[in-house]
Amino acid sequence: MSGFVNDCNYRYQIREYKGYKDGKQILKTLWVCPIYSAWKSMKARSEPAFQNKYPSYQGVTVCDEWRVFSNFHKWATVNLFEGLEVDKDVLLPGNKLYSPYTCAGLPKCINYLLNSFKSNCGTLPMGVSSTTNLTNKYRAAVSSSGKRINLGVYTSKEVAHQAWQWEKANQIEVMVAWYAQEPYFRTDVADALTQRVW
């Protein structure tokens, strides 16, 4: 199957008529079904235009089953509680396939945690960047709740990376403990997170 099939049998969005401007009808979207929105976003990430704009999504695909909205909807009603996002690589780091066997519903805070601070030079370890105003010094930083947290400046990239590892491991352990109390808890997700600690 090459295309996507929107076989949605319910109203997936509510729009309000606002008038005309330059001969075109103006509509304001009041509500969009969160499952439909997740499907549409997943679909977009598999398209060449999106992948050209965001190279980290190169090679991302959607399985044939999920190219039909009703199939994705069945999975989402069980796995996407309110506020959760479809994640394709928490269970299988580096995975490029959206499918019911490779994806999990994750809260945004865990997704932020897994998005590591990228170094500004391809040769530096994860979480490390070179300093602009200090010679032979390296800065360590982590991402937490979408914000960058500086961990300090170090004399070697190895020590800076070790500082990043310790803080990242601490954040993951705290997040797993919190996640275990949530109604949407999954042991396979918790295990996958714990494996990333070291």
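Refer to the preceding data block for the structure.
### Things to note about the overall build of the chain
In step 1: Within the chain, the regular secondary structure consists of 6 helices and 9 strands.
In step 2: The C-alpha atoms of the chain give 21 Å as radius of gyration, which overshoots the globular expectation for 198 residues (16 Å, by more than 25%).
In step 3: Projected onto its principal axes, the C-alpha coordinates of the chain cover approximately 60 × 45 × 30 Å.
In step 4: Burial statistics for the chain: of 198 residues in total, 36% are counted as buried.
In step 5: In the chain, once contacts between residues fewer than 6 apart in sequence are set aside, the share between residues at least 24 apart is 48%.
In step 6: When the accessible surface of the chain is summed, it comes to about 12,000 Å², and 52% of that surface belongs to carbon and sulfur atoms.
In step 7: Put simply, the chain has 24 plus and 16 minus side-chain charges, and the middle of one group is 9 Å from the middle of the other.

### Some remarks on the packing of helix α1 (residues 34-45) against helix α3 (residues 69-79)
In step 1: Two numbers describe how α1 lies on α3: the axes approach to 10 Å, and their chain directions differ by 120°. Considering their axes alone, α1 and α3 lie oblique with respect to each other. In the packing of α1 onto α3, the handedness of the crossing is right-handed. Between α1 and α3, the residues in contact are Ile35, Tyr36, Ala38, Trp39 and Met42 and Phe69, Phe72, His73, Ala76 and Thr77, respectively.
In step 2: Its residues placed into classes, the contact of α1 with α3 shows 8 nonpolar, 2 polar and no charged.

### Topic: α1
In step 1: Along its 12 residues, α1 runs 17 Å from first to last C-alpha, staying within 8% of the 16 Å computed at 1.5 Å per residue.
In step 2: Among all positions in α1, only Ile35, Tyr36, Ala38, Trp39 and Met42 are buried. For α1, the angular spread of buried residues about the axis comes to 160°, placing them on one side.
In step 3: Buried residues along α1 sit against β2 (24-32), β3 (61-62), α3, β4 (84-87) and β5 (97-98).

### With respect to the sheet that holds strand β7 (residues 128-130)
Strand pairing in a sheet takes place through backbone hydrogen bonds and is either antiparallel or parallel in direction.
In step 1: Strands sit in the order β7-β8-β9 across an open sheet of 3 strands; the sheet is antiparallel. Strands with a single pairing partner mark the edges of an open sheet, and in this sheet they are β7 and β9 (147-154). Along the sheet, successive strands turn relative to each other by an average axial angle of 35°, direction set aside.
In step 2: Helix-sheet contacts for helix α5 (residues 157-179) involve β7, β8 (138-144) and β9, and the interaxial angle to β8 is about 15°.

### Focus on the environment of Asn9
In step 1: Within the secondary structure, Asn9 is located in the segment before β1 (13-21).
In step 2: Among the residues examined, Asn9 registers a relative accessible area of 73% and is labelled exposed.
In step 3: Separated by 61 residues in the primary sequence, Asn9 and Ser70 place their C-alpha atoms 8.5 Å from one another.

The rules behind these values
- Residues numbered from 1 in each chain as written.
- Predicted model: local features only at pLDDT ≥ 70, side-chain atom pairs only at ≥ 80, totals over all residues.
- Heavy atoms only, no water.
- Helix = DSSP H or I, 4+ residues; strand = E, 2+ residues; numbered from the N terminus.
- Rg over C-alpha atoms; globule rule 2.2 N^0.38 Å.
- Buried < 20%, exposed > 50% of the residue type's maximum accessible area, 1.4 Å probe, protein only.
- Contact = heavy atoms within 4.5 Å.
- Areas by Shrake-Rupley, 256 points an atom, 1.4 Å probe, with all protein chains shown as cover.
- Lys, Arg positive; Asp, Glu negative; His and termini not counted.
- Charge placed at Lys NZ, Arg CZ, Asp CG, Glu CD.
- Axes fitted to C-alpha atoms, helices over the stretch in contact; angles between N-to-C directions.
- Parallel < 35°, antiparallel > 145°, perpendicular 65-115°, else oblique.
- Left-handed = near helix turned anticlockwise from the far one by under 90°.
- Nonpolar A, V, L, I, M, F, W, Y, C, P; charged D, E, K, R; others polar.
- Expected span 1.5 Å × (residues − 1).
- Arc of directions from axis to C-beta.
- Pairing = 2+ DSSP bridges.

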